[in-house]
Every structure is written in C-alpha cells, then in structure tokens.
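Read off the chains here:
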Amino acid sequence: MIYILLIIGLLFFGFFAYNVVVEPIYAFVFRKPMYVHFYPFPNKLKLNQLHILHSKFDFYKKLSPKEKVYFEHRVAVFLKKYPFYGKEGLEITDEMRVLIAATAIMLTFGMRSYLFTVINKVIVFPDVYYSKMNDNFHKGEFNPRMKAIVFSWKHFMEGYEISNDNLNLGLHEFSHVLHFEGLKKNDTSATIFAVTYNEIIEQVKHPPNYKKLIESDYFRIYAYTNEFEFIAVILEHFFETPSQFKSEFPQLFEKVKVMINFTEVV
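Calculation criteria
Residues numbered from 1 in each chain as written. Predicted model: local features only at pLDDT ≥ 70, side-chain atom pairs only at ≥ 80, totals over all residues. Heavy atoms only, no water. Axes fitted to C-alpha atoms, helices over the stretch in contact; angles between N-to-C directions. Helix = DSSP H or I, 4+ residues; strand = E, 2+ residues; numbered from the N terminus. Parallel < 35°, antiparallel > 145°, perpendicular 65-115°, else oblique. Left-handed = near helix turned anticlockwise from the far one by under 90°. Contact = heavy atoms within 4.5 Å. Nonpolar A, V, L, I, M, F, W, Y, C, P; charged D, E, K, R; others polar. Buried < 20%, exposed > 50% of the residue type's maximum accessible area, 1.4 Å probe, protein only. Phe/Tyr/Trp six-rings, centres within 6.5 Å; stacked < 30°, edge-to-face > 60°. Lys NZ or Arg CZ within 6 Å of the ring centre and 35° of its normal. Core = buried A, V, L, I, M, F, W, Y, C linked by side-chain atoms within 4.5 Å. Expected span 1.5 Å × (residues − 1). Polar contact = N/O pair within 3.5 Å; in protein donor to acceptor, adjacent residues only side chain to side chain.

## Focus on the packing of helix α2 (residues 47-56) against helix α5 (residues 94-108)
When two helices pack together, their arrangement is given by the angle between their axes and by how far apart the axes lie.
Next up, step 1: Their axes nearest at 10 Å, the elements α2 and α5 cross at an angle of 60°. What the angle tells us is that α2 and α5 run oblique. Regarding α2 and α5, the two cross each other, and that crossing is right-handed. The residues of α5 that touch α2, namely those facing Asn48, Gln49, Ile52, Leu53 and Lys56, are Asp94, Glu95, Arg97, Val98, Leu99 and Ala102.
Next up, step 2: For the contact of α2 with α5, the per-class residue count stands at five nonpolar, two polar and four charged.

Shown next as structure tokens:
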C-alpha cells in the first residue's frame, strides 16, 4: 500500500512539476507547447465523413498521413461535443457538420487545446438572417451571450469557392471565437496566443507600421474596425494567401505563426 501511495505521489508531483514549472519555462523560451498531438486511441470518422474531407477540404488533403489521423480525431471530437441546429427549415447534413468542424480544427491545429469553452452550439441558417444581438442582418457571428457560433450556409460555402480571395466566413467567425477563448483561458496555447496577440497589436499601432498596412491595401479596410476584426482578417489572409502575406509583411506573418503555433502553412 505504501508503495502504491508513493507511486501515486511521484506521478502527481511529476504532473504538477511539468504543468507548473517545465512546460511554462519551455513555452517562454521557445514560444510553443512541448507537444501538441497525443491521442492513444484516436476517434474515427464515418466513411462518408472522411470522403467529405478528402474531396472538399484542401487543407486536410495536404496533410501527411500521420497529421490526417490527428485532424480526423479532432474533427470527430468536435462533432461529438457541439450540437448543430438548422434554422428556417434548414436540414443539417454531414457536409455542413464536417466542413464547419474542419474549419475550426484547421484554425486550432497547431494548438494542444483545440476545443472551445465559449461556445456550446453551432447554428446554421440557409442564407442571411436577422440577429437580435445588434438589430441587423448577418452572414455569420459569434454570440458569446448565447455561447453560439452562427453561419449562413450559403455564405459559409462561398468562403471556399474562391480559395485565395481572403474572404472566408468560417475562418473569420471561428477566429473571433479563438480570440475570445485565448484571452480567457490560461493553458499554454492560450497564453502564447494572448502574449503574441498583444505584441501584434502593439506593433500594428506603431504609426509607421500602421501607415504601411493601410497603404499596402492588402488587408481589406474592415480589418481596421477594431482589434477583434483585425485579428480575424489577418487569420483569413494567413490561410488563404500565405505566400503573399509572408512577402508583404514577413514580421507580422511570423508573429501569426507563433500565435497559433503553425510551423508552416500547408
């Protein structure tokens, strides 16, 4: 019995030391978590769901075989965790569920903590819809009060019809969720996100940098509405036109990579 208690105590101490001492030091030095993916028993998708990823999600198709297993596991977990609700008579299909989940997982694929606590449901409308949150019509939104992310399916799909126009509704709205999540949590990935986000905003507010951003006309003017919209827009650009982003604003591009722990954009 004493030996069992000793082993439990050592394991507890090791876990405590890792979380409180080892990984925070590692994250501070290297700006990334010590590990991202570890799934002893990865969840599986159904064959028709896998077909949707293989045929309709370019990011997934470019992953290595090992990364595809990780991606599939995360999509499967997302689908189990968050219920989907169709509005105005819209029937939720596997295509809707898989593509929306895959968009969230793409955004958080470099983070160990990849699920969100600030939403508990996904709501899908067939087209633009009226939102009581600000008394206006929307194509999509993150509603923190309702803990919901909401999409017009028509406009969600338009975000993938042209892969390099830097307009992707799914990425944009999930970026708002990630931003809100990153500023509330204190795990390693969230801490790295929050610290790097603050560095990005500080650099952007520097007058010469801000002037260069405006004059470049690379980021659409909506990005400068507020800090939340700026982060959402640059994340759209990061995934849709990474080569141009890196060419025009290399330092900002590298900061975004650190913020979401992407070693490279596939």
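## Some words on the environment of Lys68
Next up, step 1: Along the chain, the position of Lys68 falls in helix α4 (residues 65-81).
Next up, step 2: By relative accessible area, Lys68 is classed as buried at 18%.
Next up, step 3: C-alpha of Lys68 to C-alpha of Leu53: the two residues are 15 residues apart in sequence and 9.8 Å apart in space.
Next up, step 4: Every residue in contact with Lys68, bar those within four places of it in the chain, is listed here: His54, Tyr60, Lys61 and Leu63.

## As for the packing of aromatic side chains
To describe a pair of aromatic rings, one takes the distance between the centres and the angle between the planes.
Next up, step 1: In total, this model carries 34 aromatic pairs according to the counting rule given.
Next up, step 2: Aromatic side chains Phe142 and Phe180 sit 5.5 Å apart centroid to centroid with 65° between the ring planes, which places their arrangement in the edge-to-face category. Here Phe180 lies in helix α7 (residues 169-184) and Phe142 lies in strand β5 (residues 140-143), a separation of 38 residues in the sequence.
Next up, step 3: Look at Phe193 and Tyr197: their rings are 6.5 Å apart centre to centre, the planes differ by 5°, and that puts the pair in the stacked class. One end of the pair is Phe193 and the other is Tyr197, both in helix α8 (residues 188-205) and four residues apart, which spans about a single turn. Like Phe193, the residue Tyr197 is buried in the burial classification.
Next up, step 4: Sitting above the plane of the Tyr60 ring, Lys68 keeps its charged end 5.4 Å from the centroid.
Next up, step 5: In this arrangement the basic side chain of Arg112 is found over the ring face of Tyr35, its NZ or CZ atom lying 4.3 Å from the centre.

## Let's talk about the packing of α5 against α7
Next up, step 1: Here α5 crosses α7 at 55°, and the two axes come no closer than 10 Å. The angle between α5 and α7 falls in the class oblique. The handedness of the crossing between α5 and α7 comes out as right-handed. Along the contact surface, α5 presents Ile100, Thr103, Ala104, Met106, Leu107 and Thr108, while α7 presents Gly170, Leu171, Phe174, Ser175 and Leu178.

## Section: the nonpolar core
Next up, step 1: Phe71, Phe78, Phe174, Phe219, Phe230, Phe245 and Leu252 are the most contacted members of the largest nonpolar core, which has 72 residues in total.
Next up, step 2: For this core, the leading source of residues is α5, giving ten residues.
Next up, step 3: When near neighbours in sequence (up to four residues on either side) are disregarded, Phe219 contacts Leu213, Tyr224, Val233, Ile234, His237, Phe245, Phe249 and Leu252.
Next up, step 4: Judged by nonpolar contacts, the second largest core, of five residues, contains Ile123, Phe125, Tyr129 and Ala148.

## Remarks on α5
Next up, step 1: Counted at 1.5 Å a residue, the expected span for α5 with its 15 residues is 21 Å, and the 21 Å between its end C-alpha atoms agrees.
Next up, step 2: Burial analysis of α5 places twelve of its 15 residues in the buried class, which makes it a mostly covered element.
Next up, step 3: Considered for burial, the residues of α5 that qualify are Met96, Val98, Leu99, Ile100, Ala101, Ala102, Thr103, Ala104, Ile105, Met106, Leu107 and Thr108.

## Some points on the side chain of His237
Next up, step 1: Here His237 lies in helix α10 (residues 227-240).
Next up, step 2: A distance of 2.8 Å separates the side chain of His237 from the backbone oxygen of Val233, its partner in a polar contact.
Next up, step 3: When neighbours within four sequence positions are excluded, His237 is seen to be in contact with Asn166, Tyr218, Phe219, Arg220, Pro242 and Phe245.

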